[in-house]
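A look at the structure
The chain contents come next:
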Protein chains: 2
Amino acid sequence: MPELPFTLDQLRILKAIAAQGSFKKAADILYVTQPAVSLQIQNLEKQLEITIFDRGGRKAILTEAGRLLLEYCERILNQCDEACKAIEDLNSLKGGTLVIGASQTTGTYLMPRMIGLFRQKYPDVSVQLQVHSTRRTGWSVANGQIDLAIIGGQLPVDLENLLQVIPYATDELALVLPSKHPLATKKELLKEDLYKLNFVTLDSQSTTRKVVDKLLRDSGLDIQRLKIEMELNSLEAIKNAVQSGLGASFLPVVSIERELSAGTIHKAFVADLEVKRELKLITNPSRYTSRASEVFKKYILPQFASLESPLRNI
Amino acid sequence: MPELPFTLDQLRILKAIAAQGSFKKAADILYVTQPAVSLQIQNLEKQLEITIFDRGGRKAILTEAGRLLLEYCERILNQCDEACKAIEDLNSLKGGTLVIGASQTTGTYLMPRMIGLFRQKYPDVSVQLQVHSTRRTGWSVANGQIDLAIIGGQLPVDLENLLQVIPYATDELALVLPSKHPLATKKELLKEDLYKLNFVTLDSQSTTRKVVDKLLRDSGLDIQRLKIEMELNSLEAIKNAVQSGLGASFLPVVSIERELSAGTIHKAFVADLEVKRELKLITNPSRYTSRASEVFKKYILPQFASLESPLRNI
DNA sequence: TTATTTGAACAATTTAAATTTATGGAGACT
DNA sequence: AGTCTCCATAAATTTAAATTGTTCAAATAA
């Protein structure tokens, strides 16, 4: 109801006249006819109940009220230009924020590399990485706090239906032993051998632990018979424990690349046992996808995706 | 040429939706229908090539780009409101500037009182007083540097036609003597007595001086025979000179009110001689008249105008 | 001076844009 | 499921703005 007493077009015209000192020249610059300019200024004067220009002589000269209005006019138009520029920057990825979610594993070992690559190409987009449980990450994606996320665990069914879940990569969980362990010399272990090992595991709440337990059970192992030396809540801590000879563990291969090449840890093969989990990309299809998110999904993720991932076929 | 990518109305709608969290509620508040709101936002999104709202759920939620735009939006709309307020203040005389011109005499003795009265009623209007020669004042009024002026001299003819000249008041130029002067005792002087006096006058360039000379000449006096003791360029200086007994002078009565009542100066009457000049109000009819100027002319000036002035009949 | 030019105002017509009415579809609440 | 709310869409109407053509006044030039 509180009608605005002027339009941006009118302000633009006002500015042009003030700059040119003439209605006609302003009209030429704005690519309209002179009467259009006259009318708009007349409307402006009528609505504000002021006289803006002295049109007596050859030049149009601002009145006091006109000068006052012009000041605001310039400020307003400047703000408009700035707003446009900001929006353009956002569109061309020269600004904005990308919020990525990840589980402990991917957040620690995969994301830093991806984000590095992204920031190299778009240094003006700030990226935020949120490492949380699969469950919490799922909810954050659902309500828009996170643009996209990669998870390794299973989503609650309600979220599963709400979100777009795309298979992204296979994360192998390798059995690792201290490099000086007696069994480290064997080329291939048997499942039975596992019962002889002392395990250092993640705590039983963690998604990764649950996944490992399930896969071992599925392959016919009795996980109750496995000896658990200790439970830790950090992969790094487990790695250190294994390297110190405290026991064996199932760890994501991405997390032990460096230790393997340094030879400080041993990766064992177990016959007829593959402990693998699917990493999945989750997004919220019912929400706006930012340009940054779009680009990340299209150009960054595929470079790290496994060959079978749908993301490869873009 | 560079078309604006949005209108103030669109920004207003954007703000309302953001505040209400709903297209419909925003429409209600703005007293338009819901489709009008939807269409405008769609136009905005199309023109800026961004998505502004996530319309999935029950609430309309801003996207990142939307939040960015909203920031600017609020700033712009605030500036608009401020501009309106400033203009309103100007209209209601809660702001603005009034520039008044005056000659030495009126500027010194009359204007301060008038301006005081004006400022008492409209303390928010700043008033500027410019004391200049009649000629220069006339030109300033002509080209709009001065809103209105009161002059005592004769304008050049070209200006006379260009400007509106209204008789304002009669300024009597009284013959004043040192109070101890021998002739100060006489009830009435004769014109002949003037030749016996030593005069302290304004310098010959001043308008007041010219007016006095002309009037004396018109009344049959030979101004060559008048003895001029000295020429000063300030009325105050002349007053002091007269009080010190250095000579006589013709001074505007308005400038010696205080001295007369204090008895430090003597006002003499000369038979068959009236030295009076017309003070005139000049304005520029072809220029915009500010509200302040209007009010000053209408309500302040008449209180000091002589009975015959047209200003009285308002 | 008169003639010519230039800039702004005015009126009527055309063109464009925004709003409304009416309707359909998707999600949320009972 | 059924209903309700909210937003999108389409066609029609209303409203506003731009253009064309013309007049008028002031400034410039002959």
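Residues numbered from 1 in each chain as written. Chains lettered and ligands numbered in written order. Predicted model: local features only at pLDDT ≥ 70, side-chain atom pairs only at ≥ 80, totals over all residues. Heavy atoms only, no water.

**Quick word on the protein's contact with DNA strand C**
Let me state the cut-off plainly: Residues are labelled near a given molecule or strand when at least one of their non-hydrogen atoms is within 4 Å of it. Here a polar contact is recorded for every N or O atom pair within 3.5 Å, except that within protein the pair must consist of a potential hydrogen donor and a potential acceptor, and residues adjacent in sequence are included only if both atoms are side-chain atoms. We count a stretch as a helix when DSSP gives it H or I for four or more residues in a row; a strand needs E for two or more, and each element gets its number in order from the N terminus.
Neighbouring residues of DNA strand C: 16 residues in total, closest F23, K24, S38 and R55 of chain A together with T33 of chain B. The contact atoms of DNA strand C, taken as those within 4 Å of the protein, divide so that sugar and phosphate hold 67%. At 2.8 Å from a phosphate oxygen of DNA strand C is found a main-chain nitrogen or oxygen belonging to F23 of chain A. K24 of chain A has a polar backbone atom sitting 2.6 Å from a phosphate oxygen of DNA strand C. Among the secondary structure elements, those contributing two or more residues to the surface near DNA strand C are α2 (23-30) and α3 (34-48) of chain A together with α3 (34-48) of chain B.

**Thoughts on the protein's contact with DNA strand D**
Spelled out, the test is: Any residue that is not Ala, Val, Leu, Ile, Met, Phe, Trp, Tyr, Cys, Pro, Asp, Glu, Lys or Arg is counted as polar, Gly included; the first ten are nonpolar and the last four charged.
By nearness alone, 16 residues border DNA strand D, and T33 of chain A together with F23, K24, S38 and R55 of chain B come closest of all. Across the atoms of DNA strand D situated within 4 Å of the protein, the share located in sugar and phosphate is 70%. At 3.2 Å from a phosphate oxygen of DNA strand D is found a side-chain nitrogen or oxygen belonging to Q40 of chain A. Q34 of chain B has a polar side-chain atom sitting 3.1 Å from a base nitrogen of DNA strand D. At four residues, α3 of chain B tops the list of elements feeding residues into the surface near DNA strand D. A per-class count over the surface near DNA strand D returns five nonpolar, seven polar and four charged.

**Focus: empty space enclosed by the protein**
Over the atoms rolls a probe the size of a water molecule, and in doing so it shows where empty space is left. Under the convention used in this document: Only protein atoms enter the 1 Å grid used here, on which a cavity is any set of points holding a 1.4 Å probe that cannot leave and a pocket is any open set flanked by protein within 12 Å on both sides along at least five of seven lines; residues with an atom within 4 Å of a point are listed as lining. Grid points are joined across faces, edges and corners, and a volume is the space filled by probe spheres set on the points.
For the structure shown, the criterion picks out two cavities of 30 Å³ or more. Looking at the largest cavity, its volume works out to about 70 Å³. Lining the largest cavity, in full, are L90, L93, G95, G96, T97, V125, Y288, S290, R291 and A292 of chain A together with E64 and A65 of chain B. Elements supplying a minimum of two residues to the lining of the largest cavity: α12 (291-300) of chain A together with α4 (64-91) of chain B.

**Here's the deal with the packing of aromatic side chains**
We apply this condition: For Phe, Tyr and Trp, rings pair up if their centres lie within 6.5 Å, where Trp contributes its six-membered ring, and each pair is then called stacked (planes under 30 degrees apart), edge-to-face (over 60) or tilted (otherwise). The buried label goes to any residue with under 20% of its type's maximum accessible area, the exposed label to any with over 50%, and the partly exposed label to all in between, with areas taken from a 1.4 Å probe on protein chains only. We call a charge positioned over a ring when the NZ of a Lys or the CZ of an Arg lies within 6 Å of the ring centre and within 35 degrees of the ring normal.
Taken as a whole and assessed by the stated rule, the structure comprises eight aromatic pairs over all chains. Between F23 of chain A and F53 of chain A, the ring centres sit 5.6 Å apart and the planes meet at 70°, which makes this aromatic pair edge-to-face. Of the two residues, F23 of chain A is situated in helix α2 and F53 of chain A in strand β1 (residues 53-54); the sequence distance between them amounts to 30 residues. With respect to burial, F23 of chain A and F53 of chain A carry one shared label: buried. On the basis of an interplanar angle of 45° and a centroid distance of 5.2 Å, the ring pair of F118 of chain B and Y122 of chain B is categorised as tilted. With a relative accessible area of 0%, F118 of chain B lands in the buried category. Among the aromatic side chains, those forming a connected cluster through ring pairs are F118, Y122 and F296 of chain A. Over the face of the ring belonging to Y72 of chain A we find R75 of chain A, whose NZ or CZ atom lies 4.7 Å from the ring centre. Across the ring face of Y195 of chain B, the terminal group of R225 of chain B is positioned such that the distance to the ring centre comes to 3.7 Å.

**Topic: the packing of helix α1 (residues 8-20) of chain A against helix α4 (residues 64-91) of chain A**
All names here are of chain A. Counted only if it meets this: Here, axes are lines fitted to C-alpha atoms. For helices the fit covers the stretch in contact, and angles between N-to-C directions go from 0 to 180 degrees. In this scheme, a crossing is called left-handed if the near helix is turned counterclockwise away from the far one by less than a right angle; it is called right-handed if the turn is clockwise. By definition, residues are in contact when any of their heavy atoms lie within 4.5 Å.
Taken N-terminus to C-terminus, the directions of α1 and α4 make an angle of 120°; their axes are 10 Å apart at the nearest point. Crossing handedness for the pair α1 and α4: left-handed. Listed contacts from α4 to L8, L11, R12, L14, K15 and A18 of α1 are L69, L70, C73, E74, I76, L77 and C80. Class assignment of the residues belonging to the contact of α1 with α4 gives a composition of ten nonpolar, no polar and three charged.

**A word on the pattern of salt bridges**
How we decide: For salt bridges, the criterion is a side-chain nitrogen of Lys or Arg within 4 Å of an Asp or Glu carboxyl oxygen.
Tallied over the entire structure, the rule returns 33 salt bridges over all chains. Between D28 of chain B and K24 of chain B there is a salt bridge; the shortest N-O distance is 3.9 Å. With D28 of chain B and K24 of chain B both in helix α2 (residues 23-30) and four residues apart, this pair spans about one turn of that helix. Between D89 of chain B and K85 of chain B there is a salt bridge whose closest N-O contact spans 3.5 Å. A residue pair is termed a helical-turn pair when its members lie 3 or 4 positions apart in one helix, as D89 of chain B and K85 of chain B do in helix α4 at four residues. Sharing partners across several salt bridges, the network here consists of K186, D193 and K196 of chain A.

**Structural notes on α3 of chain A**
What counts, and what does not: For a helix, the expected span equals 1.5 Å multiplied by the number of residues minus one. Arc definition: directions from the helix axis to the C-beta atoms.
A rise of 1.5 Å per residue sets the reference length of α3 of chain A, with its 15 residues, at 21 Å; its end C-alpha atoms lie 21 Å apart and thus fit the reference within 8%. When we look at burial in α3 of chain A, the residues that qualify are V37, S38, I41, L44, E45 and L48 of chain A. Across the axial projection of α3 of chain A, the buried residues extend over an arc of 125°, all falling on one side. Those residues of α3 of chain A that are buried lie in contact with α1, α2, β1 and α4 of chain A together with α4 of chain B.

**Some remarks on unusual backbone geometry**
For D272 of chain A, which is not glycine, the phi torsion reads 60° and is therefore positive. The topology assignment puts D272 of chain A in the loop between β10 (265-268) and β11 (276-283).

**Structural notes on the layout of surface pockets**
Residue and element names in this part refer to chain A. The space that makes up the largest pocket amounts to roughly 690 Å³. Lining the largest pocket are 30 residues, with T134, G153, S206, T207 and T208 sitting closest to its centre. The set of elements that each furnish at least two residues to the lining of the largest pocket consists of α5 (104-121), α6 (134-142), α9 (207-218) and β11. With seven residues, the single largest contributor to the lining of the largest pocket is α9. Residue composition of the lining of the largest pocket, by class: six nonpolar, 15 polar and nine charged.

**Thoughts on the interface of chain A and chain B**
One frequent convention defines the size of an interface as the accessible area lost when the parts assemble. Rules: By definition, the buried area sums, over both parts, the 1.4 Å-probe accessible area that each loses when the two are put together.
Every contact between the two is made by 39 residues of chain A and, on the other side, 40 residues of chain B. Carbon and sulfur atoms make up 66% of the surface buried where chain A meets chain B, a total of about 3900 Å² over both sides. For the interface between chain A and chain B, the tally reads one salt bridge. Across the pair D54 of chain B and R287 of chain A runs a salt bridge whose closest N-O atoms are separated by 3.1 Å. Viewed at the interface, chain B and chain A are joined by ten residue pairs in polar contact (both at pLDDT 80 or more). Every element with two or more residues in the side of chain A that touches chain B is listed here: α1, α2 and α4 of chain A. Looking at which element gives the most residues to the side of chain A that touches chain B, the answer is α4 of chain A, with 16 residues. Residues of the side of chain A that touches chain B, tallied by class, amount to 24 nonpolar, eight polar and seven charged.

**Some remarks on the relation of the copies chain A and chain B**
Inclusion rule: To superpose the copies, least squares is applied to the C-alpha atoms of every residue with a pLDDT of at least 70 in both.
Note on the identical chains: chain A maps onto chain B by a rotation of 180° and an axial translation of 0.2 Å, with an RMSD of 0.4 Å. The operation mapping one copy onto its partner corresponds to a two-fold rotation axis. Measuring from the rotation axis to each C-alpha of chain A, the shortest distance belongs to I76 of chain A, at 3.0 Å.

**Concerning the environment of D147 of chain B**
All names here are of chain B. Structurally, the position occupied by D147 is in the loop between α6 (134-142) and β5 (148-151). On the accessibility criterion, D147 (23% relative accessible area) is partly exposed. Through-space distance from the C-alpha of D147 to that of T283 is 6.7 Å; in sequence the pair is 136 residues apart. Apart from residues lying up to four places away in sequence, D147 is in contact with T97, L98, V99, T283, S290 and S293.

Note that every value here comes from positions in space, so none of it alone points to a role or purpose.
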